[in-house]
Amino acid sequence: MDGARVGDLDQPFLDAAAVCSTLLRLDVVRERWAEPSALPELSVGALACHLARQVTRAAELLAAPSTLPVLAAVDEHYARAAWVTSTSLADQANDRTTDDAEAALGFGWMLSRYDADLTVVARLLRGEATERADIPWQGWSLRRDDFLHTRLLELVVHCADLAASVDRPPPDFPDTAFTPVLTLLSRLAVRRHGQGAVVSTLTRRERARNISAF
């Protein structure tokens, strides 16, 4: 999405949030709320709250004035982000206390906040959203589409995590929401492992490697 116009990812983000809403409302998520999720040190409830909070972030940050230096491209966000460069789950960048605290408030609280924040985001994206969003815990800002790109990635990836945690197939997203995430993850994987490793893994089982974007 390099060079994307402001607003290109507005509707894809809302469409992805609608897909997440369906997953978050499943009875099995409520029933297994306190059980371990597919991710280390996160319960199903904490993971659901982490997923839902991506919409909360959009509601908060797209309404606030930007004062931090802006990054030129979304890829640089992932090159610098503390949680990407950390080497241990014990690092401060991977702190889970907010997820745990929100999970303690329960399934109903999570859904109520999600619905309220999604309403705010939809209103903002109809004309009130800023053209840049500060990421204060990182120390920089992103152009609006780059910021929404990062939230799209979080929605798609953590929906798959949550679905796996409750033994459900991962939901399908509209191409307009999924393709930007796939493209970004591919670029990040190439940046980390090189073109050859990615091409071989996608095309040659005998030369496949264990690669990831992060």
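Nothing here was measured: the structure is a model prediction, and the numbers come from that model. (Residues numbered from 1 in each chain as written. Predicted model: local features only at pLDDT ≥ 70, side-chain atom pairs only at ≥ 80, totals over all residues. Heavy atoms only, no water.)

## Some words on the overall build of the chain
Looking only at helices and strands, one finds 10 helices and two strands in the chain. Starting at the N terminus and walking to the C terminus, you meet the elements of the chain as α-α-α-α-α-α-α-β-β-α-α-α. For 214 residues, the compact-globule formula gives about 17 Å, and the C-alpha radius of gyration of the chain, at 17 Å, lands near that figure. By the burial criterion, 46% of the 214 residues in the chain qualify as buried. For the chain, restricting intrachain contacts to residue pairs at least 6 apart in sequence, the fraction spanning at least 24 positions comes to 75%. Split by element, the accessible area of the chain, about 10,600 Å² in all, is 53% carbon and sulfur. Treating the 23 positive side-chain charges of the chain as one cloud and the 29 negative ones as another, the clouds have centres 4 Å apart. (Helix = DSSP H or I, 4+ residues; strand = E, 2+ residues; numbered from the N terminus. Rg over C-alpha atoms; globule rule 2.2 N^0.38 Å. Buried < 20%, exposed > 50% of the residue type's maximum accessible area, 1.4 Å probe, protein only. Contact = heavy atoms within 4.5 Å. Areas by Shrake-Rupley, 256 points an atom, 1.4 Å probe, with all protein chains shown as cover. Lys, Arg positive; Asp, Glu negative; His and termini not counted. Charge placed at Lys NZ, Arg CZ, Asp CG, Glu CD.)

## Comments concerning the pattern of salt bridges
Applying the stated rule across the entire model yields 12 salt bridges. Across the pair E60 and R57 runs a salt bridge whose closest N-O atoms are separated by 4.0 Å. One end of the pair, E60, and the other, R57, are both in helix α3 (residues 44–61), three residues apart, so they sit about a helical turn from each other. The partly exposed category is assigned to E60, whose relative accessible area is 43%. Residue D146 is joined to R143 by a salt bridge in which the shortest nitrogen-to-oxygen separation is 3.0 Å. Overall, D146 belongs to the buried group, its relative accessible area being 4%. (Salt bridge = Lys/Arg side-chain N within 4 Å of Asp/Glu carboxyl O.)

## Focus: the packing of helix α8 (residues 144–165) against helix α9 (residues 175–193)
Taken N-terminus to C-terminus, the directions of α8 and α9 make an angle of 95°; their axes are 9 Å apart at the nearest point. In terms of their interaxial angle, α8 and α9 are classed as roughly perpendicular. Every residue of α9 that contacts α8 at H149, L152, L153 and V156 is listed here: A177, F178, P180, V181, L184 and L185. Within the contact of α8 with α9, the residues separate by chemical class into nine nonpolar, one polar and no charged. (Axes fitted to C-alpha atoms, helices over the stretch in contact; angles between N-to-C directions. Parallel < 35°, antiparallel > 145°, perpendicular 65-115°, else oblique. Nonpolar A, V, L, I, M, F, W, Y, C, P; charged D, E, K, R; others polar.)

None of the figures reported here should be taken as evidence of function without further support.
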